[in-house]
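Listed below are the residues making up each chain.
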Amino acid sequence: MAVTDPAAWATAMNNLGMVPVGLAGQQLVADSICVRGFDPALSMMSGITPLNPLLPGMGLVPQPPAAEVPGIKEIIHCKSCTLFPPNPNLPPPSTRERPPGCKTVFVGGLPENATEEIIQEVFEQCGDITAIRKSKKNFCHIRFSEEFMVDKAIYLSGYRMRLGSSTDKKDSGRLHVDFAQARDDFYEWECKQRMLAREERHRRKMEEDRMRPPSPPAVMHYSEHEATVLAEKLKDDGKFPEAATVLLAWVERGEVNRRTANQFYSMVQLANSHVRRLMNEKAAHEQEMEQAKENFKTALMGILTQFEQIVAVFNASSRQKAWDHFSKAQRKNIDIWRKHSEELRNAHSEQLMGIRREEEMEMSDDDDDSTGNPSNKRPRVDESALAAQAYALKEENDSLRWQLDAYRNEVELLKQEKGQLFRTEESLTKDQQLQFLQQTLQGMQQQLLKIQEELNHKKSELEQAREEHTHTQALLKILQEQLKKNTKELAETNGHNETQEINVMTVPLVNQDREKNSEKRSQPLKSEKEALLIGIISTFLHVHPFGANIEYLWSYMQQLDSRISANEIEMLLIRLPRMFKQEFSGVGATLEKRWKFCAFEGIKTT
């Protein structure tokens, strides 16, 4: 059969159960990733253009196919065999999980007549092979020199291998390439990991050594020459800190003795000579700080003056002469800006006053120091520290108060956007008080409704008693007429009994008169003001379970209404005996009258 005949080639592919592939295939991957030493003229079939330029006979992909590489596998030609690709419609062959450091692959499905030379010819294009272990059961293990070569070998999984042009079953087989777990690979991988861990530890150590602060220089041992050099260094202002460290180390080591005492005394004297220099430097820095304070104070006064001007502009804009010409939105913005400017002005003015108070305190401290009282120095320092702490707390309190005011302004703006009227802080507090009083009045109104129902019930009982009273009076008149008609004998015999009956009948009449007087005494409320006073007094006495005298109660009511009198409160309490009762405590001069709230006791008894 002519290999160059396309029809014969397609028939052979169909007999093998594979999709026909054209003889002139396109290049699979770029030439840049081709395997070295590729000979494009190497092929078993003359006159056929090589299908895969990767292959020296059959080159393989070093890495998984790139995005631009077509995924369809093509025929691979070797000297002793030919590899036919699997059906692209079938799923890719499965592989096991890759072991760490894998360099060995398992190759199954080899033809029975395949030799180690043929296997090496096929798989040496994937990379350098270090060992091939072939079994008698048509499989083998191949170990490569590098890990990436295993990926190239896995690419051949699923190919059908045919030796030469034979159609014998012993000369063909479907390859299955998979990862293999080898002890040599795992050992080399562990060695490599240990080497990497050592390198990482070394790198970290070098980084720690680089970031570690340098060690202080070693202090030289004492000698006369070193003492002379150190004395020269102590005279120099720039080298004094280093020289003082060396002198301190020598003294702590115990280098001072009778022979070296004069030299050490002269070095200590040199160290003492720097005290005046340090005090002069401190005075210069203090002068600079005072100058900076004065500059800050001057700048702050200028800022405060400008704030005053801004607030004056806002106040002038808020007057009726200019205020009427602004729109509602413009008025709202001007009002917000004015409040914000006033808050900032007050903050800056308080800060300036704090600076002035500090200066006054410093001046007073200086005056006290000039009097020459060292015993009072420490208490003054403590008082200044306490004053500074109190001023810091005051500033913190002011900042929190400003934040609270800002939040209040935001809430007021939101209320204005919703259509609510603008109300000042005083009106808000009054509204809160009125809301509290309304809640109290609602509770008291409920109690008054219950008491009113009881009064209505008592009134009905009183009407019944009046009817009985009129009935008894009629009976009494009838009896009196009968008594006049009777004879004197009957009057003597029955007079005593009738007088007893009359006395018995007059007893409930007296009781009814007493009840009538008590009802007249407890008259209903006349106005809404009295109801409001009853609610406030009931709330006040309810939170005072032991009662309160009329003066204490009147002083509390004076805070709410200055026009009310103690006599008016006392008359109102007397008119409601079911709600308020009067008790006496103490003896003699300590006798005191207290009023208590007893409405709930009447409800419990009913």
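Relevant structure appears above.
> I would appreciate a short explanation of the overall build of the protein chain in the present structure.
Secondary structure assignment for the protein chain yields 17 helices and 10 strands. Counting only residues that meet the buried cut, the protein chain has 26% of its 606 residues in that class. Long-range contacts, defined here as pairs at least 24 residues apart, represent 64% of the contacts in the protein chain between residues at least 6 apart. As presented, the protein chain carries roughly 42000 Å² of accessible surface, and 54% of it is formed by carbon and sulfur atoms.

> Please clarify how the pattern of salt bridges should be interpreted in this entry.
If the charged atoms of two oppositely charged side chains come close together, the side chains can form a pair. In total, this model carries 22 salt bridges according to the counting rule given. The partner of Asp209 in a salt bridge is Arg212, with the nearest N and O atoms 2.8 Å apart. The class for Asp209 is partly exposed, based on a relative accessible area of 35%. Note that Arg338 and Asp335 form a salt bridge whose closest N and O atoms lie 2.6 Å from each other. Pair noted here: Arg338 and Asp335 are both in helix 10 (residues 328–370), with a separation of 3 residues, about one helical turn. There is no split in this pair, since Arg338 and Asp335 are both buried.

> Looking at this model, I keep getting lost on the environment of Leu90. Mind explaining?
Structurally, Leu90 can be placed in the loop between strand 2 (81–84) and strand 3 (104–108). It is 10.0 Å that separates the C-alpha atoms of Leu90 and Gly158, two residues lying 68 residues apart in sequence.

> Teacher, can you tell me more about the nonpolar core here?
Across soluble globular proteins, nonpolar side chains show a tendency to be buried alongside one another. Residues Val107, Phe123, Ile142, Phe144 and Met161 are the most contacted members of the largest nonpolar core, which totals 30 residues. The set of elements that each furnish at least two residues to this core consists of strand 2, strand 3, helix 2 (116–123), strand 4 (129–134), strand 5 (139–144), helix 3 (148–154), strand 6 (160–163) and strand 8 (176–179). Leaving out residues up to four positions away in the same chain, Phe123 has contacts with Val107, Ile129, Ile142, Phe144, Ala153, Leu156 and Val177. Counting residues in hydrophobic clusters, the runner-up holds 23 residues, among them Met444, Ile536, Ala548 and Leu553.

> I tried to follow the sheet that holds strand 6 on my own but got confused; where do I start?
Pairing between sheet strands relies on hydrogen bonds along the backbone, with the strands arranged either parallel or antiparallel. With antiparallel pairing, 4 strands are arranged side by side in an open sheet as 1-2-6-7. Among the strands making up the open sheet, the edge pair consists of strand 1 (76–77) and strand 7 (172–174). Here strand 6 runs beside strand 7; their pairing, made up of 3 bridges, is antiparallel. Across the sheet, residue Arg160 finds its bridge partner in strand 7, namely Arg174.

> Whenever I open this one, the packing of helix 5 (residues 224–235) against helix 7 (residues 261–272) confuses me. Can you help?
A pair of packed helices is characterised by two quantities: the angle between their axes and the separation of those axes. Contact geometry of helix 5 with helix 7 gives a least axis separation of 9 Å together with a crossing angle of 15 degrees. Put simply, helix 5 runs roughly parallel to helix 7. The handedness of the crossing between helix 5 and helix 7 is left-handed. Each of Glu224, Ala227, Leu230, Ala231, Leu234 and Lys235 in helix 5 lies in contact with helix 7, whose residues at this interface are Gln263, Met267 and Leu270.

> Mind showing me how you'd approach the packing of helix 14 (residues 528–542) against helix 15 (residues 550–560) here?
Packing of helix 14 against helix 15 leaves a shortest axis separation of 11 Å and a crossing angle of 125 degrees. Classified by the angle their axes make, helix 14 and helix 15 are oblique. In terms of crossing hand, the pair formed by helix 14 and helix 15 is right-handed. Within the contact between the two elements, helix 14 uses Leu533, Ile536, Ile537 and Phe540 and helix 15 uses Tyr552, Leu553, Tyr556, Met557 and Leu560. Of the residues assigned to the contact of helix 14 with helix 15, the class counts are 9 nonpolar, no polar and no charged.

> Is there a simple way to think about the sheet that holds strand 8 in this case?
With antiparallel pairing, 4 strands are arranged side by side in an open sheet as 4-5-3-8. Each edge of the open sheet carries a strand with a single partner, namely strand 4 and strand 8. This sheet shows a mean twist of 20 degrees between the axes of neighbouring strands, independent of strand direction. Alignment of strand 4 against strand 5, held across 5 bridges, turns out to be antiparallel. Each residue of the ladder has a partner; that of Lys134, found in strand 5, is Cys140. Lying on the sheet, helix 2 is in contact with strand 3, strand 4, strand 5 and strand 8; it crosses strand 4 at an angle near 140 degrees.

> I would appreciate a short explanation of the packing of aromatic side chains in the present structure.
The geometry of an aromatic ring pair is captured by two quantities: the separation of the ring centres and the angle between the planes. Tallied over the entire structure, the rule returns 10 aromatic pairs. Geometrically, the ring pair formed by Phe106 and Phe139 is tilted, given 5.5 Å between the ring centres and 40 degrees between the ring planes. You can see Phe106 sitting in strand 3 and its partner Phe139 sitting in strand 5, a full 33 residues away along the chain. The class of Phe106 is partly exposed, set by a relative accessible area of 25%. For Phe139, a relative accessible area of 26% translates into the label partly exposed. Judged by centre distance (5.3 Å) and plane angle (70 degrees), the rings of Phe540 and Tyr552 are edge-to-face. Of this pair, Phe540 sits in helix 14 while Tyr552 sits in helix 15, and the two are 12 residues apart along the sequence. A relative accessible area of 7% means that Phe540 is categorised as buried. For Tyr552, a relative accessible area of 40% puts it in the partly exposed group. A connected cluster of aromatic rings, assembled from ring pairs, spans Tyr222, Trp250 and Phe264. Above the face of the Tyr155 ring, Lys73 is positioned so that its terminal group lies 4.9 Å from the ring centre.

> How do you make sense of the pairing of strand 6 when you look at a structure like this?
For a regular strand, the rule is simple: side chains alternate between the two faces of the sheet. Summarising the sheet, strand 2 and strand 6 pair through 4 bridges and their orientation is antiparallel. Bridge assignment links Phe84 to a residue of strand 6, and that residue is Arg160.

> Honestly, helix 5 in this entry has me stumped. Any pointers?
Turn by turn, an α-helix covers 3.6 residues, leaving residues three or four places apart pointing in a common direction. Compared with the 16 Å implied by 1.5 Å per residue over 12 residues, the 17 Å span of helix 5 between its first and last C-alpha is a close match. By the burial criterion, the buried members of helix 5 are Ala227, Leu230, Ala231 and Leu234. Looking straight down helix 5, one finds that the buried residues subtend no more than 105 degrees of arc, so they occupy a single side. For helix 5, the exposed residues set more than 90 degrees away from the buried face come down to His225 and Lys235. If you follow the buried residues of helix 5, they end up packed against helix 6 (240–253), helix 7 and helix 8 (274–318).

> Looking at this structure, how should I read a negative patch on the surface?
Judged by side-chain charge, Glu290, Glu294, Glu358, Glu362 and Glu395 come together as a negatively charged surface patch. Taken together, the elements giving at least two residues each to the negative patch come down to helix 8 and helix 10. Here Glu290 shows up in helix 8. On the basis of relative accessible area, Glu290 is assigned to the partly exposed category, the value being 37%.

Cut-off values and rules
Each chain has its residues counted from 1, following the order in which its sequence is written. In keeping with the model being predicted, local features are shown solely for residues with a pLDDT of at least 70 and side-chain atom pairs are shown and tallied solely at 80 or more, while totals for entire chains, interfaces and linings include all residues. Excluding hydrogens and water, the side-chain values take into account all heavy atoms of the structure. To qualify as a helix, a DSSP run of H or I must reach at least 4 residues; to qualify as a strand, a run of E must reach at least 2; elements of each kind are numbered from the N terminus. Summary of the burial criterion: residues with accessible area below 20% of their type's maximum are buried, those above 50% are exposed, and those between are partly exposed, where the area comes from a 1.4 Å probe applied to protein chains only. Here, residues are in contact when the closest pair of their heavy atoms is within 4.5 Å. Surface accessibility follows the Shrake-Rupley procedure with a 1.4 Å probe radius. Residue values consider only the protein chains on display as shielding. For this document, the term salt bridge refers to a Lys or Arg side-chain nitrogen within 4 Å of an Asp or Glu carboxyl oxygen. Buried Ala, Val, Leu, Ile, Met, Phe, Trp, Tyr and Cys residues form a nonpolar core when they are joined through side-chain atoms within 4.5 Å. Pairing between strands is defined by DSSP: at least two bridges between the two strands are required. Working convention: axes come from line fits to C-alpha atoms, limited for helices to the stretch in contact. Angles between N-to-C directions cover 0 to 180 degrees. Comment on the angle field: the value is read as roughly parallel under 35 degrees, roughly antiparallel over 145, roughly perpendicular from 65 to 115, and oblique elsewhere. Crossing handedness: left-handed means the near helix sits turned counterclockwise from the far one by under a right angle, and right-handed means the same turn made clockwise. Only Asp, Glu, Lys and Arg are considered charged, only Ala, Val, Leu, Ile, Met, Phe, Trp, Tyr, Cys and Pro nonpolar, and every remaining residue, Gly among them, polar. Here a pair means two rings of Phe, Tyr or Trp (six-membered ring of Trp) with centres within 6.5 Å. Their orientation is stacked below 30 degrees between planes, edge-to-face above 60, and tilted elsewhere. Only when the NZ atom of a Lys or the CZ atom of an Arg is both within 6 Å of the ring centre and within 35 degrees of the ring normal do we say a charge sits over the ring. Expected span, for any helix, means 1.5 Å times one less than how many residues it has. Taking the helix axis as origin, the arc is that swept by the directions to the C-beta atoms. Only residues whose relative accessible area exceeds 30% and that form no salt bridge are eligible for patches; like-charged ones are grouped when within 9 Å, while nonpolar side chains (Val, Leu, Ile, Met, Phe, Trp, Tyr) are grouped when within 5 Å. For the purpose of counting charges, residues Lys and Arg are taken to be positive, whereas Asp and Glu are taken to be negative. His and the chain ends are not included. Note that the charge is assigned to NZ on lysines, CZ on arginines, CG on aspartates and CD on glutamates.

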